[in-house]
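Structure assessment
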Amino acid sequence: MSIIASYITREIGKYFAIILLVVMGIYLTVDFIERIDNFIEAGVPLQRAGYYFLSKLPLILIQITPVGVLLAVLITFGLMGKNNELVALRSSGISLVSLVGPIARCGLAGTLLVFLLAEGIAPLTLSNANQIWLQEVKGQKLTKTQQQDIWLKATQAIIHISFYEQDTKTAKGITFSRFDRQFNLEQRIDAQEGIYRDGRWIFHKGIMQQRQSDKDRMDISLFEDREVNLGITPEDLEQVVPQTEEMGFFQLYRYVQKVETEGYDATHYKVDLQAKIAFPMACIIMTLMGAGLAAGGKIGSGMAISIIYGIGIAFLYWIFHSFCMSLGYAGKLPPFIGAWAVNFISLCAAVFLLVNAD
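Let me begin by describing the structure that accompanies this report. Everything numeric here is computed off the predicted structure, so don't read it as measured data.

**Notes on the overall build of the chain**
Helices and strands together make up the secondary structure of the chain, namely ten helices and seven strands. What you see for the chain is a C-alpha radius of gyration of 26 Å, clearly larger than the 21 Å of a compact globule of 358 residues, by over 25%. The principal-axis extent of the C-alpha atoms belonging to the chain is close to 100 × 45 × 35 Å. A fraction of 62% describes how many contacts in the chain between residues 6 or more apart in sequence connect residues 24 or more apart. Roughly 18,700 Å² of accessible area belongs to the chain as shown, and the carbon and sulfur atoms make up 60% of that amount.

**So, the side chain of K56**
Following the sequence through the fold, K56 ends up in the loop between helix 2 (46–55) and helix 3 (57–82). Side chain to side chain, K56 and D31 meet in a polar contact 3.1 Å long.

**Considering the environment of Y269**
By the secondary structure assignment, Y269 is in helix 8 (residues 267–295). The sequence separation of Y269 and L185 amounts to 84 residues, and the corresponding C-alpha distance is 36 Å.

**What about the pattern of salt bridges?**
Think of it this way: side chains of opposite charge can pair up when their charged atoms draw near. Applying the stated criterion to the full structure yields eight salt bridges. Put simply, K172 and E193 hold a salt bridge, and the shortest N to O gap is 2.8 Å. Here K172, found in strand 4 (residues 170–179), pairs with E193, found in strand 5 (residues 185–197); they are 21 residues apart in sequence, far enough to count as distant. For the residue pair K172 and E193, the accessibility class agrees, reading buried in each case. Put simply, R200 and E227 hold a salt bridge, and the shortest N to O gap is 3.0 Å.

**What about the environment of L89?**
Positionally, L89 belongs in helix 4 (residues 85–91). Residues L89 and P102 lie 13 residues apart in sequence; the distance between their C-alpha atoms is 15 Å.

**Overview of the side chain of E193**
Residue class for E193 comes out buried when judged on its relative accessible area of 13%. Those residues within four positions of E193 in sequence are excluded, and the remaining contacts are T170, A171, K172, I174, I202, F203 and H204.

**Some details on unusual backbone geometry**
The phi dihedral of D198 falls on the positive side, at around 55 degrees, and the residue is not glycine. Judged by its relative accessible area of 73%, D198 falls in the exposed class.

**Considerations on the packing of helix 2 against helix 5 (residues 100–137)**
As a packed pair, helix 2 and helix 5 sit with axes 8 Å apart at the nearest point and diverge in direction by 140 degrees. When the axis of helix 2 is compared with that of helix 5, the two are oblique. As for how helix 2 packs across helix 5, the hand of that crossing is left-handed. Across the interface between the two elements, R48, Y51, Y52 and S55 from helix 2 touch T125, L126, N128, A129, I132, W133 and E136 from helix 5. Here the residues of the contact of helix 2 with helix 5 sort into six nonpolar, three polar and two charged.

**What about the pairing of strand 5?**
Strand residues, when the strand is regular, have side chains that alternate between the two faces of the sheet. In terms of strand pairing, strand 4 meets strand 5 through nine bridges, oriented antiparallel. Within the sheet, the bridge partner assigned to S177 lies in strand 5 and is R188. Hairpin connection from strand 4 to strand 5: five residues lie between these consecutive antiparallel strands, with F183 at a positive phi of about 60 degrees. Of the strand pairs in this sheet, strand 5 and strand 6 (residues 200–211) are connected by ten bridges, and their pairing is antiparallel. Pairing of I195 across the sheet is with I202, part of strand 6.

Definitions and cut-offs
- Residues numbered from 1 in each chain as written.
- Predicted model: local features only at pLDDT ≥ 70, side-chain atom pairs only at ≥ 80, totals over all residues.
- Heavy atoms only, no water.
- Helix = DSSP H or I, 4+ residues; strand = E, 2+ residues; numbered from the N terminus.
- Rg over C-alpha atoms; globule rule 2.2 N^0.38 Å.
- Contact = heavy atoms within 4.5 Å.
- Areas by Shrake-Rupley, 256 points an atom, 1.4 Å probe, with all protein chains shown as cover.
- Polar contact = N/O pair within 3.5 Å; in protein donor to acceptor, adjacent residues only side chain to side chain.
- Salt bridge = Lys/Arg side-chain N within 4 Å of Asp/Glu carboxyl O.
- Buried < 20%, exposed > 50% of the residue type's maximum accessible area, 1.4 Å probe, protein only.
- Axes fitted to C-alpha atoms, helices over the stretch in contact; angles between N-to-C directions.
- Parallel < 35°, antiparallel > 145°, perpendicular 65-115°, else oblique.
- Left-handed = near helix turned anticlockwise from the far one by under 90°.
- Nonpolar A, V, L, I, M, F, W, Y, C, P; charged D, E, K, R; others polar.
- Pairing = 2+ DSSP bridges.

Now the structure itself:
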């Protein structure tokens, strides 16, 4: 690595570390102010609260790394322009386009960092954080088996759901068992699916077993549609369904296969599976875009204009990324297109800037 490349890499790494520390500090401070009252009211020990906030750090790193590397590149070249270092490079016959190599290596390092965090650390720490928040702070008695079946304990009732579709608020393969105070089974309802509509659960195509009050036997009846008071809401279920952030790529891939094998729609999880690879690649694309802006002399001189450009690009990227992901979730776009469309457009923009740079 040449002296100039080493210098640029060091400067980008320095500003990247500063950006991470500042953003993580702001995020944790805001999150602490918003949630500390809940921990105090629930009587959760201070060390558990601290462990909760620390467990969210890997997820924060994953989310801000692409923006961090972009801002680091823009700030580095903005300050080099302000200090006339870019003029010195040009007068020495060195083209800014030739510096794409060290910039791309920084982007590759960011991609590897995001991928390693998302695969090895974030799933474990986020799962622990969610468990602390739901069980110790919120006091919810919600569990999941290793097969991802959902079990919920309500008032004198137990609910089992094979699969829950968040987009349609539909519970597939649902069983509702109600007990008396002596824990004797009073009623059991098995249904093909339960749909939450207008604030109530409607069971579709099922069978109901009802114990006679004066006899030790169960009456059995079939139904097409029946309203059932489960005592839970879709918001409760969304807390216990498998979260893609808590799964690595290969774990999510196996879960998608399991869902499809059982005959359920796995579109939502397929989009998130593609995003597991597409999002880390944004680090390389962002650095190339920053290099294109710097090489074209479009970022001006100084830190302020560089930060404005970086935040603007990151905002546009996130808006279009969320839009395409939503289309993928809704089935309007194939999962691959929904997750990768913004990366492809951004890469084309970065190449255009580099090709047309002075």
